[in-house]
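Chain by chain, the residues run as shown.
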Amino acid sequence: MRAEQTVDKAKRYAWYVAALLTVTQVVSYVDRFLPSLLIESIKSDLALTDLQVGLLLGPAFGLFYVFVGVPIGWLADRRSRRAILATGISIWCAMTASAGLARSFVPLFLARMGVGLGEATVSPCSVSLISDYFPRERRAPPLSLFMAGTFIGAGTAFVFGGPLVYHIASLPPVHLPLFGELRDWQLAFVVVGLSGLALVALMFTIREPIRQDQARRGLDADAAGHATLRAAMQFMRVRWTAFGTLFIGSAAVVTMGSLSFWNVALFARTWGWDVRQVGITTGVLFFIGGTVGTLLGVVLTRRWIAAGRKDATLRALWTGLAIAMPGFALYPLMPSAELAVGMQFFAFTGQAMAAAAGPASITLIAPGQMKAQATAVYYLFVGVFGQLIGPPPVGLMTDLFGDPGQLRYAMAIEAVTVGTLALVLVRIGMSRYRRCVIEVDGLIEPPASNAHA
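First, a word on scope: everything that follows refers to the structure included in this document. (Residues numbered from 1 in each chain as written. Predicted model: local features only at pLDDT ≥ 70, side-chain atom pairs only at ≥ 80, totals over all residues. Heavy atoms only, no water.)

## Observations concerning the overall build of the protein chain
If you tally the helices and strands in the protein chain, you get 21 helices and 2 strands. Taking 453 residues into account, the globule formula puts the C-alpha radius of gyration at 22 Å, and the protein chain, at 21 Å, falls close to it. Dimensions along the principal axes, computed over C-alpha positions, put the protein chain at roughly 60 × 50 × 45 Å. Split into buried and exposed, the 453 residues of the protein chain put 58% on the buried side. Within the protein chain, contacts between residues separated by at least 24 positions form 85% of all contacts whose residues are at least 6 apart in sequence. In the structure as shown, the protein chain presents an accessible area of about 17600 Å², 67% of it carried by carbon and sulfur atoms. Charge-centre separation for the protein chain: the mean point of 36 positive side chains lies 9 Å from the mean point of 25 negative side chains. (Helix = DSSP H or I, 4+ residues; strand = E, 2+ residues; numbered from the N terminus. Rg over C-alpha atoms; globule rule 2.2 N^0.38 Å. Buried < 20%, exposed > 50% of the residue type's maximum accessible area, 1.4 Å probe, protein only. Contact = heavy atoms within 4.5 Å. Areas by Shrake-Rupley, 256 points an atom, 1.4 Å probe, with all protein chains shown as cover. Lys, Arg positive; Asp, Glu negative; His and termini not counted. Charge placed at Lys NZ, Arg CZ, Asp CG, Glu CD.)

See the structure below:
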């Protein structure tokens, strides 16, 4: 009886960790999506072009987010992941608040780079922690919960951020010593950034678990048993078709998902909606579509795992892409805002299903000694294409069209191009991914005890 109680307690604690990391993901996405609610005010106050707006929505955040992820992953495979997370939270919240003090494009761009630096700690550390708390065959649900945090966070940003921004705009100007008057969009950055700092203390309620999925062979390690970055890269290079298939599919998901950064501008320019209307509607869609897509992905993944399919998680990713691409391509072209909202539901449902499958897929082809590093490389690739390449081409095409009202066509062109290419390439590479999962199953040691350090 006591042994059963101990096991039950360990399971409950594992789900507590997954839930807390999901909350961290939610907060990070609130900060990430906040600028999209403030586009028109920022553009007007700072006299920006659509290309500059695209740079703020994508590369400004993505530069540090994708390129420091690999060294952070290397560190997370060796040191306390909760301490790394606590440091990252402190950085991104402080930099979000500092964005509210920017008076021109360059300082705002630099502040958003700082947000990316802090948030780069979330995925490598969280995916590594969750995969060490749950066995391979039961990771899909907690990792799907963690990835659902992206949609809950985006939904929270739109549902509550939209009315918050609308309310702040009605307040009298706020004056800060040394900094002078803050405009409504600046105050929104300060309020949201400072409120996220409460998470720092909660990180130290997480105990470091024993690292699982340690490879017995096939992966070079240092004297302490850790895989070097060179060894991790070599492991992935040899199996580049399996890793590349996953990376391409996930990058397409993020690239199409980045189109929602333009939602406030799209609905304002095309159908005359204000930020509150767009915020609440888009947020509700994130909540509903994200939940439906995540649950659908978990159900299908479990069914495919029960049928013995080693590529179950990648199948869920491809299926999500097949649902998302038509939705993202068509919703900007709808003749009415109401029909656009309906089409977005399919876009967000498919996006959620595919996004949840990505981290679960990477944990099945990366041994434990390099799991955080492989996750970081995964987010590097995904981030380069999704964060850096996602929003700017839409802004550039709109500028080239010479009419801000043509934004809708630029969004549709990007969705069709990226989505179609990914569907073909992932389908072709699925058999290579399946063989890689089978290979790694044979390399790893039996699961260790769930005792925590």
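## Things to note about the side chain of Ser28
Residue position: Ser28 is located in helix 1 (residues 2-37). Taking relative accessible area as the criterion, Ser28 reaches 1% and is therefore assigned buried. For Ser28, the side chain forms a polar contact with the main-chain oxygen of Gln25, separated by 2.7 Å. Not counting the four nearest positions on each side in its chain, Ser28 is found in contact with Trp92, Glu119 and Val122. (Polar contact = N/O pair within 3.5 Å; in protein donor to acceptor, adjacent residues only side chain to side chain.)

## A look at the packing of aromatic side chains
In this description, an aromatic ring pair is defined by two values, namely the gap between the centres and the angle between the planes. Throughout the structure, instances matching the rule amount to 19 aromatic pairs. With a centroid separation of 5.7 Å and 45° between ring planes, the pair formed by Phe105 and Phe109 is classed as tilted. With Phe105 and Phe109 both in helix 7 (residues 105-119), this residue pair falls 4 residues apart, about one helical turn. Classification of Phe105 as buried rests on a relative accessible area of 19%. (Phe/Tyr/Trp six-rings, centres within 6.5 Å; stacked < 30°, edge-to-face > 60°.)

## Some points on the pattern of salt bridges
Scanning all chains against the criterion turns up 11 salt bridges. The partner of Asp132 in a salt bridge is Arg81, and the shortest N-O contact between them spans 2.8 Å. In this pair, Asp132 is assigned in helix 8 (residues 122-133) and Arg81 in helix 6 (residues 81-99), connecting sequence segments 51 residues apart. Its salt-bridge partner being Arg136, residue Asp441 comes within 2.7 Å of it at the nearest N-O pair. Placement of the pair is Asp441 in helix 21 (residues 407-443) and Arg136 in the loop between helix 8 and helix 9 (140-159), with a sequence separation of 305 residues. When its relative accessible area of 28% is taken as the criterion, Asp441 is described as partly exposed. Judged by its relative accessible area of 16%, Arg136 falls in the buried class. Beyond isolated ion pairs, a larger network of salt bridges with shared partners links Lys43, Asp50 and Arg269. (Salt bridge = Lys/Arg side-chain N within 4 Å of Asp/Glu carboxyl O.)

## Section: the layout of surface pockets
There is about 320 Å³ of room inside the second largest pocket. Along the wall of the second largest pocket there are 17 residues; nearest its centre are Trp240, Thr241, Phe243, Gly244 and Thr245. The element best represented in the lining of the second largest pocket is helix 14 (residues 240-257), accounting for 7 residues. (1 Å grid on protein atoms, 1.4 Å probe; cavity = no way out; pocket = protein on both sides within 12 Å on 5 of 7 lines; lining within 4 Å. Points joined across faces, edges and corners; volume = space filled by probe spheres on them.)

## Focus: unusual backbone geometry
Unlike most non-glycine residues, Ala47 shows phi in positive territory, near 55°. With respect to the helices, strands and loops of the structure, Ala47 is situated in the loop between helix 2 (39-46) and helix 3 (50-57).

## A short note on empty space enclosed by the protein
If you roll a probe as big as a water molecule over the atoms, it shows you where there is empty space left. A full pass over the atoms with the stated rule returns 5 cavities of 30 Å³ or more. Considering the residues around the largest cavity, the lining is formed by 25 residues, among which Tyr29, Arg32, Thr150, Val254 and Gln351 are closest to the centre. If you list the elements that add at least two residues to the lining of the largest cavity, you get helix 1, helix 9, helix 14, helix 18 (337-365) and helix 19 (371-388). Ranked by residue count, the leading element in the lining of the largest cavity is helix 19, at 6 residues. Residue classes in the lining of the largest cavity are distributed as 16 nonpolar, 8 polar and 1 charged. (Nonpolar A, V, L, I, M, F, W, Y, C, P; charged D, E, K, R; others polar.)

## Quick look at the state of the cysteines
Using the criterion set out here, one finds 0 disulfides in the structure. Looking at Cys125, it has no disulfide partner, and the nearest cysteine sulfur is the one in Cys93, 15 Å off. With a relative accessible area of 0%, Cys125 lands in the buried category. (Disulfide = S-S within 2.5 Å.)

## Concerning the packing of helix 8 against helix 9
For the pair helix 8 and helix 9, interaxial distance at closest approach is 10 Å and the crossing angle is 155°. Taken together, the axis directions place helix 8 and helix 9 in an arrangement best described as roughly antiparallel. In the packing of helix 8 onto helix 9, the handedness of the crossing is right-handed. Note on element contacts: helix 9 touches helix 8 through Pro142, Leu143 and Phe146, opposite Val122, Ser123, Ser126, Val127 and Ile130. Its residues assigned to classes, the contact of helix 8 with helix 9 comprises 6 nonpolar, 2 polar and no charged. (Axes fitted to C-alpha atoms, helices over the stretch in contact; angles between N-to-C directions. Parallel < 35°, antiparallel > 145°, perpendicular 65-115°, else oblique. Left-handed = near helix turned anticlockwise from the far one by under 90°.)

From the geometry alone we can't say anything about function, so treat these as descriptive.
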